[in-house]
Amino acid sequence: MPEGDTVLQTAQRLHRALAGHLLTRSDLRVPRYATADLTGRTVLDVTPRGKHLLTRIEGGLTLHSHLRMDGAWQVYAPGERWRGGAAHQIRAILGTAGQTAVGYRLPVLELLRTRDEERVVGHLGPDLLGPDWDPAVALRRLLADPARPVGEALLDQRNLAGVGNIFKSETCFLVRATPWLPVGELPSPERLVAAAKKLLEANRERPGHRRELSVYGRAHRPCRRCATPIRTADQDGRPAYWCPRCQSGPTP
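So, a few notes on the structure that sits alongside this text. (Residues numbered from 1 in each chain as written. Predicted model: local features only at pLDDT ≥ 70, side-chain atom pairs only at ≥ 80, totals over all residues. Heavy atoms only, no water.)

This next bit is on the overall build of the chain. Looking only at helices and strands, one finds six helices and 10 strands in the chain. Taking the principal axes of its C-alpha atoms as reference, the chain extends roughly 60 × 35 × 30 Å. Buried residues in the chain amount to 52% of all 252 residues. Across the chain, every contact between residues at least 6 apart in sequence was considered, and the portion connecting residues at least 24 apart equals 61%. For the chain, the distance from the average position of its 37 positive side-chain charges to the average position of its 26 negative side-chain charges is 5 Å. (Helix = DSSP H or I, 4+ residues; strand = E, 2+ residues; numbered from the N terminus. Buried < 20%, exposed > 50% of the residue type's maximum accessible area, 1.4 Å probe, protein only. Contact = heavy atoms within 4.5 Å. Lys, Arg positive; Asp, Glu negative; His and termini not counted. Charge placed at Lys NZ, Arg CZ, Asp CG, Glu CD.)

Right, let's talk about the side chain of Thr55 for a bit. Take Thr55: it is sitting in strand β3 (residues 52-57). We classify Thr55 as buried; its relative accessible area is 3%.

Relative to the helices and strands, Ser169 resides in helix α5 (residues 165-174). At 3.2 Å, the side chain of Ser169 forms a polar contact with the backbone nitrogen of Tyr241. Ser169 has contacts with Val215, Tyr216, Pro239, Ala240 and Tyr241, leaving out every residue within four places of it along the chain. (Polar contact = N/O pair within 3.5 Å; in protein donor to acceptor, adjacent residues only side chain to side chain.)

Mapping Thr114 onto the fold places it in the loop between β8 (108-113) and α2 (118-121). On a C-alpha basis, the gap between Thr114 and Leu63 in space is 8.6 Å, while along the polypeptide they are 51 residues apart. Beyond its immediate chain neighbours, meaning those up to four positions away, Thr114 contacts Arg56, Gly60, Leu61 and Thr62. Within the structure, Thr114 has its side chain in polar contact with the side chain of Thr62 (distance 2.8 Å).

Counted under the stated rule, the structure contains zero disulfides. The thiol of Cys172 is unpaired, and the distance to the nearest cysteine sulfur, on Cys243, comes to 13 Å. Cys172 sits in the buried class, given a relative accessible area of 0%. (Disulfide = S-S within 2.5 Å.)

Here it is, written out as structure tokens:
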């Protein structure tokens, strides 16, 4: 699943392509909005909020999308071949005189009034890469349920917005705790918030790839710190990775 850094990069790419330009093509391929026509309206901005994308359009409208596991937005120049997927996977097309943005496999796509954006993103905690970032609020939300495992608490977007499965495991490695350690048992819980922020900031300007990962996706390979084989197990339906020597706490 794309995480906060990837969503930010997608928003920046869409903003550069669309913001300030008149839409000459509009095609929303979901039944509810099949007749919606945005042509003739100017795109005002494209803003990320956690893992959500908000494309604001003249006339008080916002196109809200979420990539989840497989969704993607691609931008094409005139005459460029579209290669983001099969035609039946296209869910949205927003075109200007200069470029066309195509949304593939978008599981969430809805057109709403800009004034109603809080309905879809108002539940989110502080955005790790957003202007609303507040580490004190994020920490307070994380500690509201002290018995909850660290990994689950990090993935709950109501606590802090932007962490996905990769940065869950990587953040736990940085604070030397297994993903199953109750968040209330962390010796210095503020380090958890700082580590998550550090990881996303380090990757926000690296489109297409991330800095070298410590544990995620490295099952059975030697830990970069101590050479102990990395382990993996399911946590609430998603894989978690950890070093059994460097990280303390319960394990499955």
